[in-house]
Amino acid sequence: MNTQDNPARSKKTWVYILSAFVFLKISLHVILNAQWSFHRDELLYLALGRHLAWGYASVPPAIGFWAWFGDSVLGGSVGAIRLIATLFGSITVLMTGLIAKEIWPTTKAPFTGNWSMTLIGMAGITAGAFLRPSMLFMPVVFDVFYWTLLCWIFIKYINTNDTSWLLYFGFAAGLGLLNKYTVLIFLFSMLSGLLLTSYRKIFSRRQLYYAIGSTLLILSPNIYWQYTHSFPVFEHMSKLSATQFSHVSLSGFAIDQLLFFLPALPIWIAGLYVLLICKETAPWRIFGWMYLMVILILLAFSAKSYYSIGAYPVLIAAGAVYLENKTQDKWRMIRYILPGWMILFGLINLPASLPLLPPAKEARFVKVLTRIPGMEGILRWEDGRQYDLPQDFADMLGWKEIALHTGKTWQNITDKKTADIYAENYGQAGAIEHFGKPYDLPQVLSFSDSYRYWLPDTLPADFQTLIYVNDELGSDMPGYFQKIEKVFELDMPLSRQHGTQIYLCQYPTPAFFDRMNNAFKLFKTTQPSGND
């Protein structure tokens, strides 16, 4: 049937196109999500789900709830946990399409939005910043979702002048802040955009202050938790600044911005142009200013480059609409060239965005990609150095092996009531607890991240045996135990955990009791336990 003879069907074609791409995206992730194991950070978030609270050492509480849901309701497998990220990532692509629907021209009769939705859908399955966050169960995918949702809500406010949308904006901002504090970057950038546009009149509307109040009300339990725990968020940011932000370079940051959405690069650049320059998009100019302000803030604080990802969906939406509009009567070749560009760079970039191949083959393929000018950054880790795999990929290897050997060592301990397990970092601790479930392992002792809130007050007086997991024994350990035996060392060069060692330590000296009990007391004193 000719759609020109059926206007209702013609008007809804864009819905079918966008829905088809979202379905394709979900299917792609469902197939690939369980190819490799959990990431280091995913293991931490699963641990948070076992200790629900209104806050944690390095993140707000929402990720803990979703981890509990994935573990307790969905079964806790790699595929089940990552399905949550996939659904939110796919909804973000859907929201990008809805933003485009809000800003496409209504006066030009031939405009259908079909090509706009095709471009947005293709971006969702080719751009690395749409793909990797949709695989990994981390706050990032929720953060990008909330930024995109907030953009859509504010556009609805602009288009309708209905102040109830401001209340929805405040509610969504509160939920976003319960997921990741980087929503503050978005909010501050939007504030700057308000001051630079005619929307500054919004400050005279009481609904804005109701919205701010609802945001603070939703966030208040987390604020109280931060207060009762001496605001660990500031300690966390200080550590990030010293250990990771210091390795952020201007050139690396700029290259990352180009690579995040490389297949959609022409689209978001067109979107930035049309939002900042074109007269017909003046009502939505605030989002162009928002993007520029986000970049300036991140550069000013030498922050991680991926914090900006949430600012791009609105640019992609605007760019897709602009390109469809401009290519209806002229520049028709763009409708063939641009999809070809997206497919080409999507295929090239896919193995660098998602782990498609076994580790050794993946490493060889990614190494070939780094020969392309500008692509060498995909092997740069947060310490600024180059490695054989992207850091996220290297962080998915070795955990199950560490946990299984810890479990086997635990099985061989005769008196388990006088034994404990210590892990140096939260990845090791989380892996041991998650993959070690068949061995009925105890709560792992660790001073890393939120594990410090779950430490006991003291060691039992009859404590006799410690399974010690670290990347080295340490010069002080021989003075703490009369007998130490190395039982395992991870030999996996492509893993970030390569060289992790497991020791069976027995017959502790009084010095060990003093060291651990003082450490427990110190953390209890400096970080009040509050209500977890």
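Note that the structure is a prediction, hence the values are computed from the model and not measured.

1. Looking at the pattern of salt bridges
Moving on, step 1. Applying the stated criterion across every chain yields a total of 12 salt bridges.
Moving on, step 2. In this structure, Arg132 engages Asp392 in a salt bridge whose closest nitrogen and oxygen atoms are separated by 3.1 Å. Of this pair, Arg132 sits in helix 6 (residues 128–135) while Asp392 sits in helix 18 (residues 391–394), and the two are 260 residues apart along the sequence.
Moving on, step 3. For Arg496, the salt bridge goes to Asp395, with nearest N and O atoms at 2.7 Å. Of this pair, Arg496 sits in the loop between strand 3 (481–489) and strand 4 (501–508) while Asp395 is found in the loop between helix 18 and helix 19 (399–411), placing the two residues 101 residues apart along the sequence.
Moving on, step 4. Classification of Arg496 as partly exposed rests on a relative accessible area of 29%.

2. A closer look at the nonpolar core
Note that soluble globular proteins tend to have their nonpolar side chains buried in a common cluster.
Moving on, step 1. Counting 156 residues, the largest nonpolar core has Phe154, Phe261, Ile267, Trp268, Phe287, Met290 and Ile316 as the members making the most contacts within it.
Moving on, step 2. If you tally residues by element for this core, the top one is helix 7 (residues 139–160), at 16 residues.
Moving on, step 3. Counting residues in hydrophobic clusters, the runner-up holds 19 residues, among them Leu459, Phe463, Phe481 and Ala519.

3. Section: a nonpolar patch on the surface
Moving on, step 1. Residues Leu52, Phe65, Trp68, Val73 and Leu74 make up a contiguous nonpolar surface patch of roughly 420 Å² in combined accessible area.
Moving on, step 2. Summarising the element assignment, Val73 is placed in helix 3 (residues 62–73).

4. Details of the packing of aromatic side chains
Describing an aromatic ring pair means giving the distance of the ring centres and the angle of the ring planes.
Moving on, step 1. All told, the structure shown has 39 aromatic pairs when counted by the stated rule.
Moving on, step 2. Their ring planes at 70 degrees and their centres at 5.2 Å tell us that Phe65 and Trp66 sit as a pair that is edge-to-face.
Moving on, step 3. By relative accessible area, Trp66 is classed as partly exposed at 23%.
Moving on, step 4. Consider the rings of Tyr451 and Trp454, whose centres lie 4.9 Å apart with planes at 65 degrees: the pair is edge-to-face. Each member of the pair, Tyr451 as well as Trp454, is classed as buried.
Moving on, step 5. Each residue in the set Phe65, Trp66, Trp68, Phe69, Phe88, Phe137, Phe142, Phe145 and Tyr146 is aromatic and connected to the rest through ring pairs, giving one cluster.
Moving on, step 6. Stacked on the ring of Trp331, the Lys or Arg Lys330 has its end atom at 5.2 Å from the ring centre.

5. Regarding helix 9 (residues 183–196)
Note: α-helices contain 3.6 residues per turn, so residues at a spacing of three or four share the same orientation.
Moving on, step 1. Compared with an ideal rise of 1.5 Å per residue, which puts 14 residues at 20 Å, helix 9 spans 20 Å between its outermost C-alpha atoms and is within 8% of the ideal.
Moving on, step 2. Of the positions making up helix 9, those classed as buried are Val183, Ile185, Phe186, Ser189, Met190, Ser192, Gly193 and Leu194.
Moving on, step 3. Tucked into the core, helix 9 has its buried residues touching helix 7, helix 8 (164–179) and helix 14 (286–300).

6. Concerning the environment of Tyr157
Moving on, step 1. Mapped onto the elements, Tyr157 comes out in helix 7.
Moving on, step 2. Take Tyr157: its relative accessible area is 4%, and that puts it in the buried class.
Moving on, step 3. Residues Tyr157 and Thr112, 45 residues apart in the sequence, show an inter-C-alpha distance of 23 Å.
Moving on, step 4. Aside from chain neighbours lying at most four places away, what touches Tyr157 is Asp162, Thr163, Trp165, Leu166, Ile202 and Arg205.

7. Looking at the confidence of the model for the protein
Moving on, step 1. For the protein, per-residue confidence averages 92 on the pLDDT scale, and residues scoring 70 or more make up 94% of the total.
Moving on, step 2. Every residue in residues 1–9 is under pLDDT 50, and counting partners more than four places away or in other chains gives 3 contacts.
Moving on, step 3. Taken as a whole, residues 528–532 scores under 50 in pLDDT and shows 13 contacts with residues more than four places along the chain or in a different chain.

8. As for the side chain of Thr163
Moving on, step 1. Inspection of the secondary structure assignment puts Thr163 in the loop between helix 7 and helix 8.
Moving on, step 2. By relative accessible area, which is 17% here, Thr163 ends up buried.

9. Looking at the side chain of Thr96
Moving on, step 1. Within the secondary structure layout, Thr96 lies in helix 4 (residues 78–103).
Moving on, step 2. Using a relative accessible area of 0% as the deciding quantity, one classes Thr96 as buried.

10. Remarks on the pairing of strand 1 (residues 419–423)
Moving on, step 1. Across the 5 residues that make up strand 1, a large majority, 5, are buried.
Moving on, step 2. Burial along strand 1 is two-sided: Ala419, Ile421 and Ala423 facing one way and Asp420 and Tyr422 facing the other are all buried.
Moving on, step 3. Regarding the hand of the β-α-β motif, the stretch spanning strand 1, helix 20 (residues 426–435) and strand 2 (residues 465–470) is left-handed.

11. Topic: the sheet that holds strand 1
Moving on, step 1. Sheet architecture is open: 4 strands sit in the order 1-2-4-3, paired in mixed fashion. Either end of the sheet is taken by a strand with one partner, and the two such strands are strand 1 and strand 3. Within the sheet, the average angular offset between the axes of one strand and its neighbour, ignoring direction, is 20 degrees.
Moving on, step 2. Lying on the sheet, helix 20 is in contact with strand 1 and strand 2; it crosses strand 1 at an angle near 135 degrees.

Definitions and cut-offs
Counting restarts for each chain, with residues numbered from 1 along the sequence as it is written. Reporting of local features is limited, given that this is a predicted model, to residues whose pLDDT is at least 70; pairs of side-chain atoms are given and counted only at 80 or more, and all residues count toward the totals for whole chains, interfaces and linings. Values shown for side chains rest on all heavy atoms present in the structure; no hydrogens or waters enter the calculation. For this document, the term salt bridge refers to a Lys or Arg side-chain nitrogen within 4 Å of an Asp or Glu carboxyl oxygen. Helix and strand assignments come from DSSP, with helices taken as H or I runs of at least 4 residues and strands as E runs of at least 2, each series counted from the N terminus. Working definition: with a 1.4 Å probe on protein chains only, accessible area under 20% of the residue-type maximum means buried, over 50% means exposed, and in between means partly exposed. The criterion is simple. A nonpolar core is a set of buried Ala, Val, Leu, Ile, Met, Phe, Trp, Tyr and Cys residues joined through side-chain atoms within 4.5 Å. Each patch groups residues whose relative accessible area exceeds 30% and which form no salt bridge, using 9 Å between like charges and 5 Å between nonpolar side chains of Val, Leu, Ile, Met, Phe, Trp and Tyr. A 1.4 Å probe and the Shrake-Rupley method give the accessible areas. Residues count as covered only by the protein chains that appear here. The criterion for an aromatic pair is that two Phe, Tyr or Trp rings (for Trp, the six-membered ring) have centres within 6.5 Å, with stacked assigned to planes under 30 degrees apart, edge-to-face to planes over 60 apart and tilted to the rest. The criterion for a charge sitting over a ring is simple: Lys NZ or Arg CZ within 6 Å of the ring centre, and within 35 degrees of the ring normal. To estimate the expected span of a helix, subtract one from its residue number and multiply by 1.5 Å. Residues count as neighbours in contact if any of their non-hydrogen atoms are within 4.5 Å of one another. Looking at any residue, its pLDDT shows the predictor's confidence there, from 0 to 100. Crossover handedness is defined by viewing with both strands directed away from the observer: a clockwise path from the first strand over the helix to the second marks the crossover as right-handed. Pairing between two strands is assigned when DSSP locates at least 2 bridges connecting them. Throughout, an axis means a line fitted to C-alpha atoms (over the contacting stretch in the case of helices), and angles, computed between N-to-C directions, take values from 0 to 180 degrees.

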